[in-house]
There are 2 protein chains.
Amino acid sequence: MAKPLPVSPLARPLPDLATIAGVRLSAVAAGVRYQGRTDLMLAEFVPGTVAAGVYTKNACPGAPVLWCREALTTPYARALLVNAGNANVFTGRAGIQACEDCADATAQLLDCPPQDVFLASTGVIGEKLPQDRIIAALPAAKAELEDNGWADAARAIMTTDTFPKAARRDVKINGTPVRIQGIAKGSGMVAPDMATMLAYVATDAKLPQNVLQSLLASGCAQSFNSITVDSDTSTSDMLMIFATGLADNPEVDDVNDPALAEFTLALNDLLLELALMVVRDGEGATKLVRIAVTGADSNLSAHRIALCIANSPLVKTAIAGEDANWGRVVMAVGKSGEPADRDRLSVAIGGTWIAKDGGVVENYDEAPVVAHMKGQEIEIAVDLGLGDGEARVWTCDLTHGYIDINGSYRS
Amino acid sequence: MAKPLPVSPLARPLPDLATIAGVRLSAVAAGVRYQGRTDLMLAEFVPGTVAAGVYTKNACPGAPVLWCREALTTPYARALLVNAGNANVFTGRAGIQACEDCADATAQLLDCPPQDVFLASTGVIGEKLPQDRIIAALPAAKAELEDNGWADAARAIMTTDTFPKAARRDVKINGTPVRIQGIAKGSGMVAPDMATMLAYVATDAKLPQNVLQSLLASGCAQSFNSITVDSDTSTSDMLMIFATGLADNPEVDDVNDPALAEFTLALNDLLLELALMVVRDGEGATKLVRIAVTGADSNLSAHRIALCIANSPLVKTAIAGEDANWGRVVMAVGKSGEPADRDRLSVAIGGTWIAKDGGVVENYDEAPVVAHMKGQEIEIAVDLGLGDGEARVWTCDLTHGYIDINGSYRS
């Protein structure tokens, strides 16, 4: 962007970050697109580190996403290389070549097979990735690797993010202390050409890939797959977790093993915290909105209805205007195509039921609703009155800031 | 609205309107919500007039939509009563009662069965319709019925519309001159199936209901169901056609009868003209955008992809910023969930192919593209390179005006 964006009013400060045994990180300025800032992060993982990942469902993914999916066919990871400023998307054969070149160069430096190197790019779509600049910056990136590189790494992967995003949890597996720490970037499907949500989590826990993968997939469903800023899906989204195994917890082979209960809760909690930071940095966002749907035909139906409400421009602009316009919520439920009975539908805002069983609640107290709409965190609840299906999703309001950011020329 | 909205820069003047034999209209101020303007239109049809209609697919339709669906079970229509300012949606039992009361009062005045009276309401959702005000205004509405009431009727049904919408065609059936004329309203909550969109067409042609219904349904698919402003689907939409039969054209029983070819083309053309007026009045719109998709797996797939592009906030804001941001078009194709092959995808803006077969066209001439983006009518073409499926949809850009209007609709 030509001039820096103002920091989101919903921003969160970086938490007290620690180190993850077996992980070293660095951030350098490779000059991929931006000047005067770091734009390349390298993470080195100790041999034996196991990886799991969830990638964008966009049918036109970037070359790095294809590379990572392939690399994940073996469980091990030795490095993660992420650049900001260029997404290496829709770059044809040249994009694939760029990935191979970057992976080969990193593998040589760290003395590992190329398929143990994971790659990500975020930024402009359709412009060839200047891999020579990235490769030229690799030696410096290796030289600067350090245990405490997390905060710098979080900053290096920002595009139009207005604040760096990280989260940490300390828990136990069978009494053995383990740590989970992660960073993320994203403001939804970010500003001019800058598309993507990236999140990387590491733990020193010892876990087999099948367990790690299913933990990540279920955690993602309740976090990164339950947020939306503008309904647009990046071509580069990815969420990955790396387990170094340096904590000497007893190996757990079953994702449902009670020994993993605390770890699973902490991981899900951390993923949601990171996901909500992305919403808090949503382009132009001034309010964080939680939409809870209950009484739906199924959980899937509830999820679809919640997303339909969360993606409705009319609902989002009403929230921006601090207008408790529940009629637009009814509209959004109705347009979702999911089972709904107008005469059983109930809507609450900020805990006050405004509409019940298909009609307005006579003489409901508007005061708390009006006060709630003026706050920074808005809660909308919808009960379908049909079944037990429920879901929660988070979004932000739609403001002039979104138009400002996305209506401006690429610069 | 608190203050009148500025007229859309894409506005079209009212055409030279004529009369339709057997149709009289009037517009009065019932004070349903707005002050100092007409907000109630009444149309009277000669006995024997046949009706056909297409209604919203929103699962939470307004009471008037339910009334009209029921009324359409008999082919005849004697009256149409439409109010602006209150949508009579999500009003429970009271909403049904309001429809019955309005229909009964109209039927008594015009001496016809209540089920020959069609009703529509557009405006705020969730507030009880003040039917007493409407019923009190009916005698004046009847007294002012006139052949030339079309323009006044078009104005009376406006809500956030910034200009009245009407269109006319004069054609022949088997050499017999017949006329088609219609009015429409709508500018937001506009998306397929259908929009906060009301459209009423009348013709003096003599046509059976089955023919009229299938003509309207197919015409609607290519017009009102191929436009979107904000992806939101209203609870009140309807498109209806009334055929008075006073033209002495020979009766045609088969919709595919060649005698109807000219009439069908003219009707489809009129419906598209009205639909595009709705897009031209899209809330905050500064550009009319046509999205043409070819080479898709099927026509349905092409339609879904085109709508996905048309509803993408990032595509719409880029257009508002006059940014030929084809990368966002690629993103929107990819997120549609429809069959697409990144390496066969091509994108053109204003007739210039910017991307072909999965990559940027090297050294394409940017000048005509930049010039095209500065215009009021934008054309985006996408070829999937997969099959013969094609579709065209129309939308508008997403601007600050949309936020202004929808952040304060009820104020």
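Please read all numbers here as calculations on a predicted model, not as lab measurements. (Residues numbered from 1 in each chain as written. Chains lettered and ligands numbered in written order. Predicted model: local features only at pLDDT ≥ 70, side-chain atom pairs only at ≥ 80, totals over all residues. Heavy atoms only, no water.)

Draft legend 1. Just the overall build of chain A, in detail. Of the regular secondary structure elements, chain A holds 11 helices and 15 strands. A globule of 411 residues ought to have a C-alpha radius of gyration of about 22 Å, and chain A, at 22 Å, matches this closely. Structurally, chain A occupies a C-alpha span of about 70 × 55 × 35 Å along its principal axes. Element-wise, carbon and sulfur atoms account for 50% of the exposed surface of chain A, whose accessible area totals about 14,300 Å². When the 33 basic and 49 acidic side-chain charges of chain A are each reduced to a single mean position, those positions are 4 Å apart. (Helix = DSSP H or I, 4+ residues; strand = E, 2+ residues; numbered from the N terminus. Rg over C-alpha atoms; globule rule 2.2 N^0.38 Å. Areas by Shrake-Rupley, 256 points an atom, 1.4 Å probe, with all protein chains shown as cover. Lys, Arg positive; Asp, Glu negative; His and termini not counted. Charge placed at Lys NZ, Arg CZ, Asp CG, Glu CD.)

Draft legend 2. Representation of helix α7 (residues 299-310) of chain A in the model. Residues and elements named next belong to chain A. Look at α7: 16 Å from first C-alpha to last across 12 residues, which is about the 16 Å you get at 1.5 Å a residue. Buried residues of α7: Ser301, Ala302, His303, Ile305, Ala306, Cys308, Ile309 and Ala310, and no others. As for α7, its buried residues are in contact with β10 (288-296), α8 (313-320), α9 (326-335), β14 (377-383) and β15 (389-396). (Expected span 1.5 Å × (residues − 1). Buried < 20%, exposed > 50% of the residue type's maximum accessible area, 1.4 Å probe, protein only. Contact = heavy atoms within 4.5 Å.)

Draft legend 3. How the structure looks around the interface of chain B and chain A. Across the boundary between the two partners, chain B contributes 55 residues, which contact 58 residues of chain A. Approximately 4,700 Å² of surface area, both sides summed, lies buried where chain B meets chain A, with 59% of it carried by carbon and sulfur atoms. The largest share of the area that chain B buries against chain A comes from Phe90, Arg342 and Ile403 of chain B, three residues that together contribute 17% of it. Counting across the chain B and chain A interface gives two salt bridges. Note that Lys128 of chain A and Glu362 of chain B form a salt bridge whose closest N and O atoms lie 3.6 Å from each other. Where chain B touches chain A, the interface holds seven residue pairs in polar contact (both at pLDDT 80 or more). Breaking the side of chain B that touches chain A down by element, the ones donating at least two residues are α8 (313-320), α9 (326-335), β13 (359-360) and α11 (400-406) of chain B. (Buried area = accessible area lost by both parts, 1.4 Å probe. Salt bridge = Lys/Arg side-chain N within 4 Å of Asp/Glu carboxyl O. Polar contact = N/O pair within 3.5 Å; in protein donor to acceptor, adjacent residues only side chain to side chain.)

Draft legend 4. How the structure looks around the environment of Thr399 of chain A. If you trace the backbone, Thr399 of chain A turns up in the loop between β15 and α11 (400-407). Using a relative accessible area of 10% as the deciding quantity, one classes Thr399 of chain A as buried. Distance from Thr399 of chain A to Thr286 of chain A, taken between C-alpha atoms, is 7.7 Å for residues 113 residues apart in sequence. With near-sequence residues (within four places) excluded, Thr399 of chain A lies in contact with Gly284, Thr286 and Ala320 of chain A together with Ile403 of chain B. A polar contact is formed between the side chain of Thr399 of chain A and the backbone nitrogen of Gly401 of chain A, at a distance of 3.0 Å.

Draft legend 5. Focus on the sheet that holds strand β8 (residues 198-203) of chain A. Residues and elements named next belong to chain A. Here five strands make up an open sheet; going across it, the order is β3-β9-β8-β7-β6 and the pairing mixed. Each of the sheet's edge strands pairs with one partner strand only, and the pair in question is β3 (50-55) and β6 (165-173). On average, each strand axis in the sheet is tilted by 15° relative to the strand beside it, whichever way the strands run. Across nine bridges, the pairing between β6 and strand β7 (residues 176-185) is antiparallel. Paired with Val171 across the strands is Val178, a residue of β7. Against the sheet, helix α6 (residues 261-280) contacts β6, β7, β8 and β9 (238-243), and its axis sits at roughly 175° relative to β6. (Pairing = 2+ DSSP bridges. Axes fitted to C-alpha atoms, helices over the stretch in contact; angles between N-to-C directions.)

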